[in-house]
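# A structural walkthrough
Listed here are the chains, written in short residue letters.
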Amino acid sequence: MSLTAPRPYLDRRGALALMAGGAAAACTPRRDGETVLRFWAMGNEGGTVGQLMPEFERRNPGVRVSVQPLPWTAAHEKLLTAYAGASLPDVSQIGNTWVAELTAIGALSPTPPEAANLLTDQFPAVLETNEIAGRAMTTPWYVDTRLLFYRRDLLARAGFDTPSEDWAEWKRAMHAIKRVAGGDNYAILLPLNEFEQLLTFGLQIDEPLLRDRDTRGNFSSPGFVAALAFYRSLFAEQLAPLASSTQISNVWTEFAKGYFSFYFSGPWSVGDFRSKLPASFQPNWATAGVPGPNGLGASAPGGSSLAVFKSSPHQDAAWALVRYLSEPAVQTRFNTIVGDLPARQSAWDIAGVERDPMLAPFRGQLARAKAVPKVPEWERIVTEMQIVAERMVRGEYTPETAAAEIDRRADRLLEKRRWMMEQGRAV
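Residues numbered from 1 in each chain as written. Predicted model: local features only at pLDDT ≥ 70, side-chain atom pairs only at ≥ 80, totals over all residues. Heavy atoms only, no water.

On to the overall build of the protein. Tallying secondary structure elements over the protein gives 19 helices and 16 strands in all. The contacts in the protein between residues at least 6 apart in sequence include a share of 76% that link residues at least 24 apart. Split by element, the accessible area of the protein, about 17,600 Å² in all, is 51% carbon and sulfur. Considering the protein, the positive charge centre built from 45 side chains and the negative charge centre built from 46 side chains are found 2 Å apart. (Helix = DSSP H or I, 4+ residues; strand = E, 2+ residues; numbered from the N terminus. Contact = heavy atoms within 4.5 Å. Areas by Shrake-Rupley, 256 points an atom, 1.4 Å probe, with all protein chains shown as cover. Lys, Arg positive; Asp, Glu negative; His and termini not counted. Charge placed at Lys NZ, Arg CZ, Asp CG, Glu CD.)

So, about the pattern of salt bridges. Following the criterion strictly, the structure yields 20 salt bridges and no others. Close ionic contact of Lys 276 with Asp 272 constitutes a salt bridge, the shortest N to O distance being 3.7 Å. Pair noted here: Lys 276 and Asp 272 are both in helix α12 (residues 268-276), with a separation of 4 residues, about one helical turn. Accessibility expressed as a relative area gives 23% for Asp 272, which makes it partly exposed. Note that Arg 409 and Glu 384 form a salt bridge whose closest N and O atoms lie 2.7 Å from each other. Taken together, the positions of Arg 409 in helix α18 (residues 399-413) and Glu 384 in helix α17 (residues 378-393) put the pair 25 residues apart, joining distant regions of the chain. For Arg 409, a relative accessible area of 9% puts it in the buried group. Three or more residues are tied together by salt bridges with common partners; here these are Glu 55, Arg 58, Arg 59 and Glu 327. (Salt bridge = Lys/Arg side-chain N within 4 Å of Asp/Glu carboxyl O. Buried < 20%, exposed > 50% of the residue type's maximum accessible area, 1.4 Å probe, protein only.)

Judged by nonpolar contacts, the single largest core of 82 residues is most densely connected at Trp 170, Phe 201, Phe 219, Tyr 231 and Trp 378. Those residues in contact with Phe 201 that sit more than four places away from it in its chain are Trp 167, Trp 170, Leu 190, Ala 227, Phe 230, Tyr 231, Leu 234 and Phe 264. In this structure, Val 99, Leu 118, Phe 309 and Tyr 324 belong to the second largest nonpolar core, which totals 45 residues. (Core = buried A, V, L, I, M, F, W, Y, C linked by side-chain atoms within 4.5 Å.)

The next point concerns the sheet that holds strand β1 (residues 35-42). If you walk across this open sheet you meet the 6 strands as β2-β1-β3-β15-β6-β16, and the pairing is mixed. Pairing within the sheet leaves two strands with one partner each, and these edge strands are β2 (63-70) and β16 (341-342). (Pairing = 2+ DSSP bridges.)

So, about unusual backbone geometry. Peptide bonds are, in most cases, trans, and in most cases residues other than glycine have a negative phi. With phi around 55°, Ala 86 is a residue other than glycine that occupies positive phi space. Locating Ala 86 in the fold gives a position in the loop between α4 (72-84) and β3 (91-95). For Ala 86, a relative accessible area of 72% translates into the label exposed.

The next point concerns the sheet that holds strand β11 (residues 262-265). Taking strand neighbours across the sheet as the criterion, the 4 strands line up as β8-β11-β7-β12 in an open arrangement whose pairing is mixed. A strand with exactly one partner marks an edge of an open sheet, and here the two such strands are β8 (188-189) and β12 (285-288). When strand β7 (residues 147-151) meets β12, the two strands line up antiparallel, connected through 4 bridges. Its bridge partner lying in β12, Leu 148 is registered against Ala 288. Lying over the sheet, helix α16 (residues 360-367) contacts β7, β11 and β12, oriented at roughly 145° with respect to β7. (Axes fitted to C-alpha atoms, helices over the stretch in contact; angles between N-to-C directions.)

Moving on, we get to helix α13 (residues 315-326). In a regular helix each residue adds 1.5 Å, so 12 residues correspond to 16 Å; α13 covers 16 Å between its end C-alpha atoms and thus fits that length. Among the 12 residues in α13, 9 count as buried, and that is most of the element. All of the buried residues in α13 are Ala 317, Ala 318, Trp 319, Ala 320, Leu 321, Val 322, Tyr 324, Leu 325 and Ser 326. (Expected span 1.5 Å × (residues − 1).)

Looking now at the packing of α17 against α18. Running from N to C, α17 and α18 point in directions that differ by 155°, and their axes come no closer than 9 Å. Judged by the inter-axis angle, α17 sits roughly antiparallel to α18. By crossing handedness, the relation of α17 to α18 is classed as right-handed. For the pair formed by α17 and α18, the contact residues are Arg 380, Ile 381, Glu 384, Met 385, Ile 387, Val 388, Arg 391 and Met 392 on the first element and Pro 399, Ala 402, Glu 405, Ile 406, Arg 409, Ala 410, Arg 412 and Leu 413 on the second. (Parallel < 35°, antiparallel > 145°, perpendicular 65-115°, else oblique. Left-handed = near helix turned anticlockwise from the far one by under 90°.)

Turning our eyes to something else, we now look at the packing of aromatic side chains. Per the counting criterion, the structure on display carries 26 aromatic pairs. A ring pair is formed by Trp 141 and Phe 334, whose centres lie 5.3 Å apart and whose planes are at 10°; its orientation type is stacked. One end of the pair, Trp 141, is in strand β6 (residues 139-144); the other, Phe 334, is in helix α14 (residues 328-338), with 193 residues separating them in the sequence. One exposure class covers both Trp 141 and Phe 334, and it is buried. Ring geometry for Phe 201 and Phe 264: centres 5.7 Å apart, planes at 80°, overall edge-to-face. (Phe/Tyr/Trp six-rings, centres within 6.5 Å; stacked < 30°, edge-to-face > 60°.)

Turning to empty space enclosed by the protein, a few remarks are in order. According to the stated counting rule, one finds 3 cavities of 30 Å³ or more in the structure shown. Here the largest cavity is characterised by a volume of approximately 100 Å³. Together, 12 residues line the largest cavity, and Asn 96, Thr 97, Val 372, Pro 373 and Lys 374 are the ones closest to its centre. Its volume calculated, the second largest cavity comes out at about 60 Å³. Residue lining of the second largest cavity: Leu 52, Trp 141, Tyr 142, Leu 325, Val 330, Gln 331, Phe 334, Asn 335, Asp 340, Leu 341 and Pro 342, and that is the complete set. Those elements giving two or more residues to the lining of the second largest cavity turn out to be β6, α14 and β16. The biggest single contributor to the lining of the second largest cavity is α14, with 4 residues. (1 Å grid on protein atoms, 1.4 Å probe; cavity = no way out; pocket = protein on both sides within 12 Å on 5 of 7 lines; lining within 4 Å. Points joined across faces, edges and corners; volume = space filled by probe spheres on them.)

Right, dumping it as C-alpha cells:
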C-alpha cells in the first residue's frame, strides 16, 4: 500500500497485541507429503484472495495455501518483527513503499529469470517502484493512483465543461465554482493532515525530490518551491478550507452537499461514492486526470506487490503462486471479486475496466505516474513535508523557507543513508 487511503493510527501496544495474536497463527503445520505455503494478505485482499486458491491448488497437487489476513495498521511492523524472529511467511502482499526497506535488510527473494514474464505489460512507474538497482524485488499485484474527483454539475454552472488541464485555468475554474457554491463552501478539499495532495503537486516538477543519490532533500529546487506556492495559494485565496480529514464527517456527504467540488483520491472512492450517495446524485460527479503547470500531470503510483521472502524453504512453490496471481485472467477475476485495478495492462482489456467511465481515466493517470524516491526513509520524509506544509499554510513559513525546512528535516532523516553510501553499503 502506498498512496492509497491513509492507514488509521494504531498505538504501539495495539500493534504488538495484534502481532502476538498473529504469531501463533503464523506457525502452520506441514501435513505429510504436502507443502503448505503461508501467504499474508492485508485489508480487503486478505479476506477475499482465498477465493482464488482452490484453482491454484488444483493446478499444483501437493501444495496448499494458508492465507492469513492482516490489518494494514499492523502489517508493516509485523513483517519487520517476523524478519527479526525468523518467522516470515513464504509470500506476502506488501505496500510498494516498503520494497526499499525490505530489500535493504535482505529479506526479499529477487524475481528469478524464469519469472521474468511477470514484468511484462506493467505500468512503467509501478514496475519502477518494485525495482531496486535495476532488479525487480517484488511483483506488482494491483495498482492505484490518485486523480481528480469533481462535481460535474457545479463545474457546468460555473461555465466549464470539464476540469482545466493546467494550474492557471484550473484555479480560474475554482474561483468560479467558489462563487457558484456560495456561502461557506469551497472549491477543493486538501486535508492538512495528509501529504498525498502536496506530493501530487510536487510530482509535476522536472527536478527530483531527492538529490545526491537520494541522500539529501531537493525540496528547495525552483520547481518544488513553485508547487509549494501554488498549494499555499489555494488556502490563501480561500479556495480550500483550513481543515484536516478528522474535521470532515465523511467525504462523500460533504462532496454531495457542495462543501467542496474537487478532491484528489483513488479508485477506492469510486465504490464509496456509488454505494453511499443516492442514485439521483450519480450524474453529478466524474473523475479526470491531474492538472499540471502546463497540462495533464503526474501522480504517484500506488497499490500492492507480492513478495517472496528469501527465508522461504518453498521457493519454487512460492513463485508458482506469484505467477498464478499475476496471470491476466486471474487478475481479471480478482477485479470482479474485490474491485482492485489489475497490475497487468492486458487484464484491464480482458476485464473491460475502461468501459467504466469513472475508472477509465485511471489508466491514463497511471501511464503518467512518476515513481517516488526508493529509500526506506521516504514515508518519514513525506510526513515531515506535510507537517511543514501545514505550518506554511498557517503563516509560519513562506514557500522558500518551508522548502528549506523540509530539506533540513529530510537531510537529518537521511544521515544514516549518507554514511552507508560513504561506506559503500547502501543500494
